[in-house]
Amino acid sequence: MTDLLYQTDSYMKEFEAKVSAVDTDSRAVVLDQSAFYPGGGGQPNDIGKLASSNGVVYPVEKDKKQGADVLHFLGGDQPLPEVGAQVRGEIDWERRYALMRTHSALHVLCGTVFRDYGALVTGGNMEPGKGRMDFEFERLQGELVGEIEAAVNKEVEAGRDVRVNILPREEAFQIPDLIRTKINLLPEGISKVRTVEIVGLDLQADGGTHVRNTAEIGNIKVTDYKSKGAINKRIYIEVV
Ligand SMILES: [Zn+2]
């Protein structure tokens, strides 16, 4: 089982860990704790480096969640560290921080569009610096794009705090805002719910990494929108 350090500290760039399992065929190692985000909820997995105590540095090319473990796939051709070995992980911070700004920007978009137009989100995806979000948003037309862009940047400038909480399932289910974001679809086995709140604007059950304050996001550009049918619309953003 990997302790997910990014869940409580999304600004952790480096960490110490112990190797708890190794799969030589896929060159994957499981660590007892990790700050690498393994992907999910539209946010891609982190990449970076893993250094062993005897000086070997492996590129971390990919990571993914498998049950309660995070698998770190190591590049290069050096022999893998052994089970029990002490290692040091380092995240590609430039890329991850861009993803944090982008992910938080998408939540600002989601909260603003719901508040101003009552439109619900149906999905989203992102890469560093750009993302898209799908809404049930029948009224969306070209002339609303400028209005939405102005409104989201106002929320960035307002410097709203972004708070992460880990709650017991029963408690989370009492929060009306979370019910709107379909928290009831969470698998039954999950006893804790992690929430990300942009204070005064948006609250969601979310596993991703976010900035501490919307002021860190920078300028949000609404670059395009697309009709995916009468009701479903897709909005594209970039953060600069
Ligand atoms: Zn999210």
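Residues numbered from 1 in each chain as written. Predicted model: local features only at pLDDT ≥ 70, side-chain atom pairs only at ≥ 80, totals over all residues. Heavy atoms only, no water.

### Remarks on the nonpolar core
General note: in soluble globular proteins, nonpolar side chains tend to be found buried as a group. If you look at the biggest cluster of nonpolar residues, it comprises 33 residues, and the most contacted ones within it are Leu 109, Phe 137, Ile 148, Ile 220 and Ile 235. Contributing elements (two or more residues each) for this core: α1 (93-117), β10 (130-136), α2 (142-157), β12 (192-198), β14 (220-227) and β15 (232-239). Sequence-distant contacts of Phe 137, defined by excluding residues within four places in its chain, comprise Val 113, Tyr 117, Ala 119, Leu 144, Ile 148, Ile 231, Lys 233 and Ile 235. Residues Ala 17, Val 29, Val 56 and Leu 80 belong to the second largest nonpolar core, which totals 16 residues. (Core = buried A, V, L, I, M, F, W, Y, C linked by side-chain atoms within 4.5 Å. Buried < 20%, exposed > 50% of the residue type's maximum accessible area, 1.4 Å probe, protein only. Helix = DSSP H or I, 4+ residues; strand = E, 2+ residues; numbered from the N terminus. Contact = heavy atoms within 4.5 Å.)

### Describing the coordination of the zinc ion
The protein atoms that coordinate the zinc ion are His 103 (NE2), His 107 (NE2) and Asp 206 (OD), at distances of 2.0 to 2.1 Å. When the donor residues of the zinc ion are listed from N- to C-terminus, their spacing reads H-x3-H-x98-D. A residue pair is termed long-range when its members are at least 10 positions apart, and His 107 in helix α1 and Asp 206 in the loop between β13 (202-205) and β14 qualify at 99 residues. On the basis of relative accessibility, which here comes to 12%, the residue Asp 206 falls in the buried class. (Donors = N, O, S within 2.8 Å, 3.2 Å for Na, K, Ca; no water.)

### Thoughts on α2
Along its 16 residues, α2 runs 24 Å from first to last C-alpha, staying within 8% of the 22 Å computed at 1.5 Å per residue. In this structure, the buried residues of α2 make contact with α1, β14 and β15. Gly 159 occupies a position one or two residues after α2 and carries a positive phi of about 60°. (Expected span 1.5 Å × (residues − 1).)

The analysis is restricted to geometry; functional conclusions fall outside its scope.
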